[in-house]
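The lines below spell out each chain.
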Amino acid sequence: MKSFLILVVEDDAPVRTLITTTLKARDYRYITAGNGEAAVMQAASYAPDMILLDLGLPDLDGVEVIRRIRAWSNVPIIVISARSEDSDKIDALDEGADDYLVKPFSVDELLARLRVTQRRLALMQGQQSAVFENGDLKIDYAMRRAWLKEEELHLTPIEYKLLCVLAQNVGKVLTHKYITQHVWGSSWEHDTGSLRVYMATLRRKLDAGAGQSFIQTHIGVGYRMLRMDPEHSEP
Amino acid sequence: MKRKNLLEIEKSVGIFLGATLLSMAFYHLGFTNANIIMVYILGVLLTSISTSRQIYSLISSIVSVVVFNFLFTSPRYSFTAYETGAPVTFLVMFLTAYITGSFALRYKEQAFSSAKSAFMAQVLFESGQLLSKAADREAIWHTGATQIRKLLARDIVIWPVEADALAPGRYEGKNVRSYDPDHAMKQALVCMQTGLSCADDAGPGALAYYPLRVQGRTYGVVGIDRNEPLEPEEQRMLLSLLGEFALALENEQNAREKETAAILAQSEQLRANLLRTISHDLRTPLTTISGNASNLIANADCFDRETKLALYTDIYDDAMWLKTIVENLLYATRIEEGHMSLKTSEELLSDIVDEAVAHVARRADEHQLDRLPEDTLMLVRVDPSLMVQVITNLLDNAVKYSPAGSRIVIALKACGDTAQVQISDNGPGIPDAEKSKIFDKFYRGGNRIADNRRSLGLGLYLCKAITEAHGGTITVADNTPTGAVFTVTLPKEEVLLNEVVSDPGR
């Protein structure tokens, strides 16, 4: 899966070079764009397998680029943000981005994020079965039951719903807003507190048997279920 | 006015009748006319003391003579008098009565006037005292208004000048007489702009306007009911009082301007210090980064692999250190400029701690990080990235200030309606003398840091500022046997669980 085509959208030349050098060293193929309009055109012309999108582009808002691309494609998008506030990342994720990186990021982080998304793509290409499997976790959507290492998990209705929302988007960072809307159908103010608590109890049940944590917290932004690759234990 | 007159007429008549009755009694007792004349003179005297105008004593004198003639001189009950020299008697009687009456009246007026002067002087004196002691601007307005009302015993309105414009009138007396606020405001404005006093035409709600003016600057306008004109002495006293009033306002203004200037100077100083410190502390790692990099560029082939690796590692370490410093600096400048706007959300305290531990994990590989299990889940309302920074800074310090192999313990506790994070290390600890200073900006302790890097001294300052902005507290105590324990306490949020799922079907 490594001869992936990645579209790198970054206006700052040194950062762009850093990214492309990293990709080259790991045998990824890449194309580049220096602004939003070029990015959209490149995405349309070359149909890359993944897009790395800097949010601070000179011509278009990063979120706008995502919106345009999402109009015809579900290509995974990882956004790169230079701002410390979470709002731009949350907006990007709500608009359809899959993951985010914050500058300054280390090369390891970049590669890790790429791998996560790759695995998600691989999973998506054999989808729509009634049974979800991820490492030791198994969910049977039809029977509404879940197992960890062959032992059944006893989950409350909300915990089960939470688990499903995460599983259906495995590898993707889901914002708090997205999750609360899918679990509770609305965005009541205290849902954030509820979400935190239910997520914590769900996690305890999941992590009880496993060595690794299935659910990754992105503080201030959201949560993600990690794809448990049989060879690597952690992205 | 009319009531007063009526009362005084009644008094005069009453006194006159009393005098007449007494005279009749004397007559029947066989006293001489001389006694009766004395009684009437006494009556006139009493009349002038108890009335306010000379006319009463004048009429009283005339009527006394006439009635004396009628009732008591022979022939009685007639206006003729047989006695020789009776006309002279009558004249002398009249003059005596009238003149003593007049003097009595004048004396009374004099006494009253002196008392009033003394009172006004007293009010003026105590105004000076009160105005100089007034705590703030509001107190000055209030005191000035009260004193003017006290001095003149009439209603007033004050229009303070705020930000070079006239504010609406206030400080009116309790029995506010009818005056038209809009018209009065316009007149007051004219008074303020010209700096001269002016007055409405007499009528209901008419006011006289006086500016509160010192050194060519107007601080306010005072409007005084003008339907009863002020006596000259009252006018003089009023102007003195207004002068003191204006002076007090000016002093207060000057004091405030001085304070603002001092604060500005101090913040400029702080800013200069900050810039100096930043440039100094950033230059060091930048020097080593550029130096190492240029060495590698120039002499790439001369260095062996180990040396090169060491240089690369130094460049990386310096860059990471710079990153931490810059983040802390950005937070510090946000606080200083007052942009500490918190974007809070409900977060699990354990999530915050997890994130901080993840940030520090790489730097803490030579230390033992123990996370004690928490008894219950605790929700706090915080700005997540800021609170993560607090815990990260505390953990960083624990790592920096304790030797390799030390144990750092992280404990989460619920304490009533607060949530606590406790970070303890078993390093050398912090001496009591320094415990209060460590939270100061740019304070760097005497302890040497493990990797010999000087810190910017901002870490704990930020921890305290951020924690307190969240309504929490941060404390330091000694650990046993050695080391320090930092405790961050935050208000705990109620956990309100929404137990209703949206569609149970899916």
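Treat the numbers as computed from the prediction; the structure is a model and nothing was measured.

Rules and cut-offs
- Residues numbered from 1 in each chain as written.
- Chains lettered and ligands numbered in written order.
- Predicted model: local features only at pLDDT ≥ 70, side-chain atom pairs only at ≥ 80, totals over all residues.
- Heavy atoms only, no water.
- Phe/Tyr/Trp six-rings, centres within 6.5 Å; stacked < 30°, edge-to-face > 60°.
- Helix = DSSP H or I, 4+ residues; strand = E, 2+ residues; numbered from the N terminus.
- Buried < 20%, exposed > 50% of the residue type's maximum accessible area, 1.4 Å probe, protein only.
- Axes fitted to C-alpha atoms, helices over the stretch in contact; angles between N-to-C directions.
- Parallel < 35°, antiparallel > 145°, perpendicular 65-115°, else oblique.
- Left-handed = near helix turned anticlockwise from the far one by under 90°.
- Contact = heavy atoms within 4.5 Å.
- Nonpolar A, V, L, I, M, F, W, Y, C, P; charged D, E, K, R; others polar.
- Patch = residues over 30% accessible without salt bridge, like charges linked within 9 Å, V, L, I, M, F, W, Y side chains within 5 Å.
- Areas by Shrake-Rupley, 256 points an atom, 1.4 Å probe, with all protein chains shown as cover.
- Salt bridge = Lys/Arg side-chain N within 4 Å of Asp/Glu carboxyl O.
- Pairing = 2+ DSSP bridges.
- Disulfide = S-S within 2.5 Å.

J.: Please explain the packing of aromatic side chains as it appears in this structure.
T.: Both the distance between ring centres and the angle between the ring planes are used here to describe each pair of aromatic rings. Residue and element names in this part refer to chain B. Evaluation of the coordinates by the stated rule reveals nine aromatic pairs over all chains. Considering the side-chain rings of Phe16 and Tyr40, the 5.9 Å spacing of their centres and the 40° angle between planes classify their relative orientation as tilted. Placement of the pair is Phe16 in helix α1 (residues 2-29) and Tyr40 in helix α2 (residues 33-50), with a sequence separation of 24 residues. Of the residues examined, Tyr40 reaches a relative accessible area of 1% and is grouped as buried. Consider the rings of Trp141 and Phe245, whose centres lie 5.6 Å apart with planes at 70°: the pair is edge-to-face. Taken as a pair, Trp141 in helix α5 (residues 137-152) and Phe245 in helix α7 (residues 232-298) lie far apart in primary sequence, 104 residues in all.

J.: Would you mind showing me how to read the packing of α1(B) against helix α3 (residues 54-72) of chain B here?
T.: All names here are of chain B. Packing of α1 against α3 brings their axes to within 11 Å, and their N-to-C directions diverge by 30°. Comparing their axes, α3 and α1 come out roughly parallel. Regarding α1 and α3, the two cross each other, and that crossing is right-handed. Contacts between α1 and α3 involve Asn5, Glu8, Ile9, Ser12, Phe16, Thr20, Ser23, Met24 and Tyr27 from the former and Tyr56, Val63, Ser64, Val67, Leu71 and Phe72 from the latter. Partitioned by chemical class, the residues of the contact of α1 with α3 number nine nonpolar, five polar and one charged.

J.: What is the right way to read a nonpolar patch on the surface from this model?
T.: A cluster of nonpolar residues, B:Ile55, B:Ile59, B:Ile62, B:Val63, B:Val66 and B:Phe79, forms a patch on the protein surface that exposes about 510 Å² of accessible area. Residue placement: B:Ile62 occurs in helix α3.

J.: Is there a simple way to think about the environment of B:Glu252 in this case?
T.: Residue and element names in this part refer to chain B. By secondary structure assignment, the location of Glu252 is in helix α7. Note on Glu252: relative accessible area 15%, which makes it buried. The spacing of Glu252 and Arg137 is 115 residues in sequence and 6.8 Å in space, taken between C-alpha atoms. With residues up to four places along the chain from it excluded, the contact list for Glu252 reads Arg137 and Ile140.

J.: Would you mind going over the pairing of strand β11 (residues 215-218) of chain A with me for this structure?
T.: Taken residue by residue, a regular strand's side chains alternate between the two faces of the sheet. Residue and element names in this part refer to chain A. Inspection of the sheet shows β11 paired to strand β12 (residues 222-225) by four bridges, in the antiparallel sense. Counted as the bridge partner of His218 is Gly222 from β12. Taking the residues that link successive antiparallel strands as the turn, the β11-β12 hairpin has three residues, and the phi of Gly220 there is positive, at about 80°.

J.: In this structure, what is going on with the state of the cysteines? I would like to understand it.
T.: By definition, a disulfide links the sulfur atoms of two cysteine residues through a covalent bond. Counted according to the given criterion, the structure contains zero disulfides over all chains. Summary of cysteine pairing: B:Cys191 is not part of a disulfide, and the nearest cysteine sulfur, belonging to B:Cys198, is at 4.8 Å.

J.: Explain the pattern of salt bridges here, please?
T.: Opposite charge on two side chains permits pairing when their charged atoms draw close. Residue and element names in this part refer to chain B. Within this structure, the stated rule accounts for 27 salt bridges over all chains. Measuring nitrogen to oxygen at the nearest pair gives 3.9 Å for the salt bridge that ties Lys116 to Glu231. Here Lys116, found in helix α4 (residues 86-133), pairs with Glu231, found in the loop between β5 (217-225) and α7; they are 115 residues apart in sequence, far enough to count as distant. For Glu231, a relative accessible area of 45% translates into the label partly exposed. Salt-bridge contacts for Lys464 lead to Glu468; the nearest nitrogen and oxygen are separated by 3.8 Å. Linking Lys464 with Glu468, this pair stays in helix α12 (residues 459-469), spanning four residues, or about one helical turn. Taking relative accessible area as the criterion, Lys464 reaches 31% and is therefore assigned partly exposed. By relative accessible area, Glu468 is classed as partly exposed at 43%.

J.: Which parts of the structure should I look at to understand α12(B)?
T.: All names here are of chain B. For α12, the buried fraction is high: eight of the 11 residues fall into the buried class. Where α12 is concerned, the buried positions are Gly459, Leu460, Tyr461, Leu462, Cys463, Ala465, Ile466 and Thr467. A positive phi of about 80° marks Gly471, the residue just after α12.

J.: Before we go on, may I ask you to explain the pairing of strand β11 (residues 473-478) of chain B in this structure?
T.: Examined bridge by bridge, β11(B) and strand β12 (residues 484-491) of chain B share six bridges and lie antiparallel to one another. Residue pairing for β12(B): B:Thr475 is matched across the bridge by B:Thr487.

J.: How do you make sense of the packing of helix α7 (residues 176-184) of chain A against helix α8 (residues 191-207) of chain A when you look at a structure like this?
T.: For any two helices packed against each other, the geometry comes down to the angle between their axes and how far apart the axes lie. All names here are of chain A. Remark: α7 packs on α8, axes separated minimally by 10 Å, with the N-to-C direction vectors making an angle of 85°. Judged by the angle between their axes, α7 and α8 are roughly perpendicular. Of the residues in α8, those in contact with His176, Ile179, Thr180 and Trp184 of α7 are Asp191, Ser194, Leu195, Arg196, Tyr198 and Met199. Considering only residue class, the contact of α7 with α8 consists of five nonpolar, three polar and two charged.

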